[in-house]
2 protein chains.
Amino acid sequence: MGEFDLIERYFKRPPRQANVGVGDDCAVWTPREGHQLALSADMLVEGRHFLSTVDPVHLGHKSLAVNLSDLAACGATPQAFLLSLSLPRVDEDWLSSFTQGLFDLADAHACELIGGDTTQGPLNIAITVMGDVPHGQVILRRNAQVDDDVYVSGFLGDARLALEAFRGAISLPESVFSTARQRLECPDPRVALGQALRGVATAMADISDGLVGDLGHILQSSHVGADIDVSCASRLMATSALWHCPEDLAFTCVLSGGDDYELVFTAPPSKARSVQLAAEVTGTRVTRIGRTTAQRGLILRDAHGLAITPALCSFDHFA
Amino acid sequence: MGEFDLIERYFKRPPRQANVGVGDDCAVWTPREGHQLALSADMLVEGRHFLSTVDPVHLGHKSLAVNLSDLAACGATPQAFLLSLSLPRVDEDWLSSFTQGLFDLADAHACELIGGDTTQGPLNIAITVMGDVPHGQVILRRNAQVDDDVYVSGFLGDARLALEAFRGAISLPESVFSTARQRLECPDPRVALGQALRGVATAMADISDGLVGDLGHILQSSHVGADIDVSCASRLMATSALWHCPEDLAFTCVLSGGDDYELVFTAPPSKARSVQLAAEVTGTRVTRIGRTTAQRGLILRDAHGLAITPALCSFDHFA
C-alpha cells in the first residue's frame, strides 16, 4: 500500500467544520469571529513516551489526549488537529487500531483531523491541535495572584506508579496495576473542566511533568510563591496501592510523577463556590491543596505545618 | 542543558503577532476577521528527507521552506508556525545553526514561531504552518477547468540532479553540482507568486513529489485531463548540466524529479496577461507547458506532437 492509499484508507474523512480537510496542500478553516485560537504541538517518540508493546488503540488515544490536555489548560474548546506520522512500515492492523483510538477520542471532543503528513522512519507521532476561546478568556500560566487558592483536578500518581511497576521497581496486585496502567496509557484530558473554569481560574497548567514542576511554571510565570499542604496532597493519591507503597515513592508519584494530565490551577477565595460548581457541572473531582504567597518559591508543609523538602523535580527530556 | 533552557535559549523570542508565544500550554493567536486559515504539516526524517551530512543551517531553512511552499500553493500569506523537534542529544552548535537557517527564512516571510515541543529521540523535524487568505480566495487543487492553460514556476530538476550526483549515478562539474545542491538543500518557496495568483489561478499545487505526480493531483481532483508539450518542459531545465546528461535522466529530473518546491497551476487563457503580470511583479519565471482537456488522463507530447510515455511516477514514501 502506498502513501496516498494509506491516507485515503485510514485518515481521510468527509470535512465537517473544515472548509477543506485532508488531501490538498493545506487544510482550510474559518475561525469564529470574536474568538482567539489556542494552538499546541506535542510529539511522541517510541521508547521515550511509550513502549513498543503498547496497545496501538491506547497509543492513538494518548497521542491526541496529551494535546487536548494543553487546550484544556487554556480553557479552549477543541476544534481541529493535524497529524504527522513517521512509520517504520505500513502495518494495516496497527494503523487500524491506532486510528480507532485516535478518532474515538477526536469524535468525543468534536475535534476534526484536517491535515498532516505520513512518511517512513522511526515511529514518531507529532500532533498540532487547535482550539478556540472567546476573546480575552484564555487562561494562562502568568496571571496567578497572591493569596489565590491552589487546586488540582482528579487524582495524581497512577501513571508513575504503573511506570514503576513496568520497570519492576514495585509489585502491584493485578487489579491495581490494571487501573494504574489505564491512567498511564489512556489519560482522560480535562477538557470540560478547563472550559468551565473560564472567568474563574486566574492561572492554569496541565500536569504532564509532575505537580511540583507544572505548578512551578505557574508560580514562576506569575511571580508568586505557594504554600502547599502535603496532607491535602496525600488525598490526591489515586489508587489504594499508593497507601501500601513506601512513603517516599508515594510522595514522588503524587508530587512529581508526571503523565497525569490533570489540571493545576489558581483562583481567588471569592471564587471558591464557582470552582466547586465547575467541578460539579463537569463531574470532576477538584481538591484545594494550598495557597499562593507573595514570598517566591514553593513550600511543602506536612500535617503539622512543618516545611519538608523531598527530592522532587519535574521531568526534563534532556536532564 | 535541560529541555527548558534549550527552549529558552534557542526558540523563545518576544511574541509579535501572537498574543502568547512559546512558553505556555498553548500559543494564542487572533485570526484576522474575514480571513480563512490555511494549515499544513510536514515532517522531515533523517536518512529519508535529508542526509546526516547536511549543513544544519540549510536543514533549518528547508524544514520551514517545504511548509511555506504548501501555503504558497494555496495562495496563503504565512503567519505563524509550530515546531516539534526530536533530537538524539543537545548539540549547541547544531541548534545554533539550525535555528539560524530556520529563523532567517521565517523572518523573511514574517512567519512567527509560536509554539512546539522538544524531546529526545531519532532526529525528526515536524512543523505545522498557518497562513491566511481573504475569505473565498484560497486556491485549491480541485477547481481546474477544461481548456485552462497549465503553467510551472521557475526551473525543475535540479534537486533530483543533485541527488543523483550524491548517489554517484552521475558526475557533475563542481559549479553545476553546487547550484543543483543549493536548490536541493535550500529551496525557495514561491510564497509571493502564490499570493499574486489569487483570483487568477483556478487550481494550484506545489511540486514536491514531481511535476507529473503533482499535476496529476490537480487533474484528478478537478476531474480533467491535460496535454503537456514536453518540448516546453525541456525549457524548464534549470542547469546546463541537464543538457549534458542522458535524455531519459533529464526527463526524469524535470518531469518527476521532485523536491523542486515550484508551483504548477492552471488559469483560463483569458487570464494569460494576469499570469504574466503576477510573474513580473514577483520576479518569478513562469512557463506555459500545456492545456487541460475534457479527456481524463495526462498526455505528454514531443516536439512533433506525438504522445510519449516515459516511465514516470511521483514520489511515494511507502512505494
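The following paragraphs examine the structure supplied in this document.

The rules behind these values
- Residues numbered from 1 in each chain as written.
- Chains lettered and ligands numbered in written order.
- Predicted model: local features only at pLDDT ≥ 70, side-chain atom pairs only at ≥ 80, totals over all residues.
- Heavy atoms only, no water.
- Disulfide = S-S within 2.5 Å.
- Pairing = 2+ DSSP bridges.
- Helix = DSSP H or I, 4+ residues; strand = E, 2+ residues; numbered from the N terminus.
- Axes fitted to C-alpha atoms, helices over the stretch in contact; angles between N-to-C directions.
- Contact = heavy atoms within 4.5 Å.
- Least-squares fit on C-alpha atoms with pLDDT ≥ 70 in both.
- Buried < 20%, exposed > 50% of the residue type's maximum accessible area, 1.4 Å probe, protein only.

1. Re the state of the cysteines
Reasoning step 1: Overall, the coordinates contain 0 disulfides over all chains when judged by the stated rule.
Reasoning step 2: Here Cys-74 of chain B stays free of any disulfide, with the sulfur of Cys-26 of chain A as its closest cysteine sulfur at 3.6 Å.

2. Brief notes about the sheet that holds strand 9 (residues 263–267) of chain B
What holds strands together in a sheet is hydrogen bonding between their backbones, with the strands either parallel or antiparallel.
Residue and element names in this part refer to chain B.
Reasoning step 1: With mixed pairing, the 7 strands of this open sheet are ordered in space as 7-9-6-10-8-11-12. Either end of the sheet is taken by a strand with one partner, and the two such strands are strand 7 (203–206) and strand 12 (307–308).
Reasoning step 2: Inspection of the sheet shows strand 7 paired to strand 9 by 4 bridges, in the antiparallel sense. Across the sheet, residue Ala-203 finds its bridge partner in strand 9, namely Thr-266.

3. Details of the sheet that holds strand 3 (residues 77–87) of chain B
Reasoning step 1: Spatial ordering of the open sheet is given by 1(A)-2(B)-5(B)-3(B)-4(B), a layout of 5 strands whose pairing is mixed. The sheet is open, and its two edges are formed by strand 1 (27–29) of chain A together with strand 4 (112–120) of chain B, each paired on a single side. Geometrically, the sheet is characterised by an average inter-axis angle of 20 degrees between neighbouring strands, direction not taken into account.
Reasoning step 2: In the sheet, strand 3 of chain B pairs with strand 4 of chain B via 8 bridges, with the strands oriented parallel. Note that in strand 4 of chain B the partner of Phe-81 of chain B across the bridge is Leu-113 of chain B.
Reasoning step 3: Of the strands in this sheet, strand 3, strand 4 and strand 5 (124–134) of chain B touch helix 3 (residues 92–108) of chain B, which is tilted by about 165 degrees from strand 3 of chain B.

4. Quick look at the relation of the copies chain B and chain A
Reasoning step 1: Rotating chain B by 180 degrees about the axis while translating it 0.0 Å along that axis superimposes it on chain A, leaving an RMSD of 0.0 Å. The superposition of one copy onto the other is thereby described by a two-fold rotation axis.
Reasoning step 2: Interface overlap between copies: 100% of the residues of chain B at the interface are likewise at the interface in chain A, consistent with a symmetric, same-surface contact.

5. Quick look at the side chain of His-61 of chain A
All names here are of chain A.
Reasoning step 1: For His-61, the position within the fold is in helix 2 (residues 56–73).
Reasoning step 2: The exposure class assigned to His-61 is buried, which follows from its relative accessible area of 15%.
Reasoning step 3: With sequence-adjacent residues up to four places away left out, His-61 is seen in contact with Gly-101, Leu-102, Leu-105, Cys-186 and Pro-187.

6. Comments concerning the pairing of strand 2 (residues 35–45) of chain A
In the case of a regular strand, side chains alternate between the two sheet surfaces.
Reasoning step 1: With respect to burial, strand 2 of chain A is a largely interior element, 11 of its 11 residues being buried.
Reasoning step 2: Burial of strand 2 of chain A is two-sided: the residues His-35, Leu-37, Leu-39, Ala-41, Met-43 and Val-45 of chain A facing one way and the residues Gln-36, Ala-38, Ser-40, Asp-42 and Leu-44 of chain A facing the other way are all buried.
Reasoning step 3: Here strand 2 of chain A runs beside strand 5 (residues 124–134) of chain A; their pairing, made up of 11 bridges, is antiparallel. When the bridges of strand 5 of chain A are listed, Asp-42 of chain A appears paired with Ile-127 of chain A.
Reasoning step 4: One ladder, built from 3 bridges, connects strand 2 of chain A with strand 1 (residues 27–29) of chain B; its direction is antiparallel. Counterpart to Ala-38 of chain A in the pairing with strand 1 of chain B is Val-28 of chain B.

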